[in-house]
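Listed below are the residues making up each chain.
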Amino acid sequence: MAIQEITFHNETDIKVQAQVFARTRLIGTYSTKSGQSCKIEMETAGQDIFFRDGTTGREIARKLDNRLKSLTISKEAGGWYVISED
């Protein structure tokens, strides 16, 4: 099966953990500090990615059925975390 790489950019002020799921099975965990990027490897497109505060474990955002090649998580002025396509 082909491996798909997704580039994840953390533009928040916190450490962010990305957890990749295929249905209910956890298949990968990736962590980045503020201002860093990482490559997330997925076996197929369409898997779910949950983003958590790396310190508290609180879920801050999610991208379900992901098919993007590059994405950025940032924090808006109102305190909301936003995932955008690059």
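On a predicted model such as this, the values are computed, not experimentally measured, just so you know.

Colleague: Explanation requested: the sheet that holds strand β5 (residues 47–53) in the structure shown.
Modeller: Pairing between sheet strands relies on hydrogen bonds along the backbone, with the strands arranged either parallel or antiparallel. Taken in spatial order, the four strands line up as β3-β2-β5-β6 in an open sheet, and their pairing is antiparallel. The outermost strands of the open sheet, each flanked by one partner alone, are β3 (25–32) and β6 (59–66). In this sheet, neighbouring strand axes are inclined to one another by 20 degrees on average, regardless of whether the strands run parallel or antiparallel. Two elements, strand β2 (residues 16–22) and β3, share seven bridges in a ladder whose sense is antiparallel. For Gln19, the partnering residue across the bridge sits in β3 and is Thr29.

Colleague: Got a minute to help me understand unusual backbone geometry in this structure?
Modeller: Glycine aside, residues mostly have negative phi, and peptide bonds are mostly found in the trans state. Of note, Arg23 is a non-glycine position whose phi angle comes to about 60 degrees, a positive value. Summarising the element assignment, Arg23 is placed in the loop between β2 and β3. The class for Arg23 is exposed, based on a relative accessible area of 80%. Phi at Asp65 takes a positive value of approximately 50 degrees, unusual for a residue other than glycine. Tracing the sequence through the fold places Asp65 in strand β6.

Here is what the cut-offs are and how they apply
- Residues numbered from 1 in each chain as written.
- Predicted model: local features only at pLDDT ≥ 70, side-chain atom pairs only at ≥ 80, totals over all residues.
- Heavy atoms only, no water.
- Pairing = 2+ DSSP bridges.
- Helix = DSSP H or I, 4+ residues; strand = E, 2+ residues; numbered from the N terminus.
- Axes fitted to C-alpha atoms, helices over the stretch in contact; angles between N-to-C directions.
- Buried < 20%, exposed > 50% of the residue type's maximum accessible area, 1.4 Å probe, protein only.

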